[in-house]
Amino acid sequence: MGQPSLDQRISSLREQGIHSVMATFTDLHGSPKGKLVPLEALPDAVASGAGFAGPSIWGTGLPRMGARSEYYGRVVPDSLRPLPFLPGVAHAVCDGFAGGEPLDTCSRQLLKHQLNRLRERGWTFHVGIEPEFFLLKQDAQGRWGVADGEDQLDKPSYDLKAIHRNFGFLDDMRRHLTALGFELQQMDHEDAIGQYEINYRHDEALAAADRYQLFKLTAQAVAAQHGCSFSTMPKPLAGAPGSGLHFHLSLTEDQAPPAGPGPVPPGGGRPAWGGPAQGIGRAVMADPAGALGLSTAGHRFAAGLIHHADALAALCAPTVNSYKRLASSESASGTTWSPVWKTVGDNNRTCLVRTVAGRIEWRLPDPSCNVYAALAATLAAGLDGIDGALPAVEPCDEDLYQRQASGAAMPPRLPRDLHDALDALRADAVLREAVGAAFCDQFLRLKRAEWDAFAQQVSGWELQRYADAG
């Protein structure tokens, strides 16, 4: 059965009471942006795109005048779906164009380019994304803190009392995400006060990235309705664990699906935003008989991640605050799994790359990243490991935090701050070129300015420590 035509989609949306479409794109910083488009104007938004002033969007690199000064977000028809928290409005994902051509600074276009490279090999990239986040609130003096003032346990993981107190938020998330087509798996209170995680089923990489952006839109709206803020800040609380955005990665070699009913294919076999289901595929990176459950390709992919890890840190952990999470410090709860060291281990959460059930968990990303750019860079690094036949990384079979406490020599670690990560990205010409030089140039320019602005600030800690020092 073919996909519905645009006219059929519009008719269906109108029957559901939809009058407007929220046409969204993602800026360089990973924030969802967009505008409301009347349903009647949707055909133009699909064919030519909803227009935006290019220089008004972070990271486009577009000029203030001329044919390429306009950013056009072309609506992806398969992504249309009513927003349950905005009656009368449907959501749509957009691809960035300028001057009638795909925009090379659009992060969604970056990921599509990497996936096209993969498609030439007959492979599909599957990703499971694990969103962790905080629920925060500002007081009358503008100071940020945990929204739930009673959430004060020393070790708050899986605290059911906090879930009871915040059940309104969590149940609204359940209702809205289910209506949007998410296949939810679990919700829990994480290891820091005010911190939660909501898990849902994996997907093909582009659909997974689109879905995460829709997750953020939904969480922002629901949190506001409950008088708090959904925060993707990696580490808002000193002395507590931070939030990660772990990627569970697998590759399959595509094969035509058999006639009639058959087993569920890798990746779940679900349509990606209403598209055709994936066919049955052979696992490329998994080998039950191999070390760590990985095939040769899997080991080489992991080696590519480790080889490019310092540069990947800039794109996967892109804020000053990200490196407060990426620190080998103890937490108030007594537990931390910050992936500081560039190692690979079997079900070892103290390693940067964790292998589990024949897939790779990439533990570097945090929720402040641009998910499209982070996935594009991750895939580019892994493919470089495969194409370069990089040797397998020696597996780590010990708790690296215990090893550090013993005083033993440690594996190489990630950059300690955004400044060093940006330097690593600038120096990694192979990764920059593979991801997209235009995007990386814009990213480095804006993030260097962010670091410089931070470096000029004087913190309360500095005043407390030095103001009256002899």
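Our structure's up above, just so we're on the same page.
Residues numbered from 1 in each chain as written. Predicted model: local features only at pLDDT ≥ 70, side-chain atom pairs only at ≥ 80, totals over all residues. Heavy atoms only, no water.

Q: Tell me about the overall build of the protein, and please be specific about residues and values.
A: Each helix and strand in the protein was counted, giving 15 helices and 18 strands. Relative to a compact globule of 470 residues, whose C-alpha radius of gyration would be 23 Å, the protein shows 22 Å and is just as compact. The principal-axis extents of the C-alpha atoms in the protein amount to approximately 70 × 60 × 50 Å. Taken as a whole, the protein presents about 20500 Å² of accessible surface, with 52% of it coming from carbon and sulfur. (Helix = DSSP H or I, 4+ residues; strand = E, 2+ residues; numbered from the N terminus. Rg over C-alpha atoms; globule rule 2.2 N^0.38 Å. Areas by Shrake-Rupley, 256 points an atom, 1.4 Å probe, with all protein chains shown as cover.)

Q: Just give me the short version of the environment of Gln114, but keep the residues and values in it.
A: Tracing the sequence through the fold places Gln114 in helix α3 (residues 107-119). Along the primary structure Gln114 and His246 are separated by 132 residues, whereas in three dimensions their C-alpha atoms are 20 Å apart. In this view, Gln114 contacts Ala376, Leu379, Ala380, Ala434 and Val435; residues no more than four positions away in its chain are not counted. Side-chain polar atoms of Gln114 contact the side chain of Arg117, separated by 2.8 Å. (Contact = heavy atoms within 4.5 Å. Polar contact = N/O pair within 3.5 Å; in protein donor to acceptor, adjacent residues only side chain to side chain.)

Q: How would you summarise empty space enclosed by the protein if you had to cite specific residues and measurements?
A: For the coordinates displayed, the defined rule picks out two cavities of 30 Å³ or more. For the largest cavity, the calculated volume is near 100 Å³. Around the largest cavity sit 15 residues that line it, and Thr24, Phe25, Thr26, Gln213 and Tyr372 are the ones nearest its centre. Going through the elements one at a time, β1 (20-26), β6 (89-98), α3 and α6 (205-225) are the ones with two or more residues in the lining of the largest cavity. It is α6 that provides the largest number of residues to the lining of the largest cavity, a total of four residues. Roughly 70 Å³ of volume is contained in the second largest cavity. Forming the walls of the second largest cavity are 15 residues, and the residues nearest its centre are Thr26, Asp27, Leu28, Thr105 and Cys106. In the lining of the second largest cavity, the residues fall into eight nonpolar, six polar and one charged. (1 Å grid on protein atoms, 1.4 Å probe; cavity = no way out; pocket = protein on both sides within 12 Å on 5 of 7 lines; lining within 4 Å. Points joined across faces, edges and corners; volume = space filled by probe spheres on them. Nonpolar A, V, L, I, M, F, W, Y, C, P; charged D, E, K, R; others polar.)

Q: Can you tell me about the nonpolar core, naming the residues and giving the values?
A: Grouped together as the largest cluster of nonpolar side chains are 97 residues, with contacts concentrated most on Phe125, Phe215, Phe247, Leu249, Phe301, Trp362 and Leu364. Listed in part, the 24 residues of the second largest apolar core include Ile10, Ile18, Phe25 and Val37. (Core = buried A, V, L, I, M, F, W, Y, C linked by side-chain atoms within 4.5 Å. Buried < 20%, exposed > 50% of the residue type's maximum accessible area, 1.4 Å probe, protein only.)

Q: Now, about helix α14 (residues 437-455): what can you tell me, with residues and values included?
A: Here α14 spans 26 Å end to end across 19 residues, near enough to the 27 Å set by a 1.5 Å rise per residue. Buried-residue contacts for α14 involve α3, α8 (309-316), α10 (371-387), α12 (418-427) and α13 (429-435). (Expected span 1.5 Å × (residues − 1).)

Q: Could you give an account of the packing of aromatic side chains, naming the residues involved and the relevant values?
A: Summed over all chains, the structure comprises 15 aromatic pairs. A centroid spacing of 6.0 Å and a plane angle of 70 degrees characterise the contact between Phe52 and Tyr71, whose relative ring orientation is edge-to-face. Of this pair, Phe52 sits in strand β3 (residues 50-53) while Tyr71 sits in strand β4 (residues 70-75), placing them 19 residues apart in sequence. Residues Phe52 and Tyr71 agree in their burial class; the two are buried. Through a chain of ring-to-ring contacts, three or more aromatic side chains come together here, namely Phe133, Phe169, Phe182, Tyr196, Tyr200, Tyr212, Phe215 and Phe230. Directly above the aromatic system of Phe52 lies the positively charged group of Lys35, at a separation of 4.7 Å from the ring centroid. (Phe/Tyr/Trp six-rings, centres within 6.5 Å; stacked < 30°, edge-to-face > 60°. Lys NZ or Arg CZ within 6 Å of the ring centre and 35° of its normal.)

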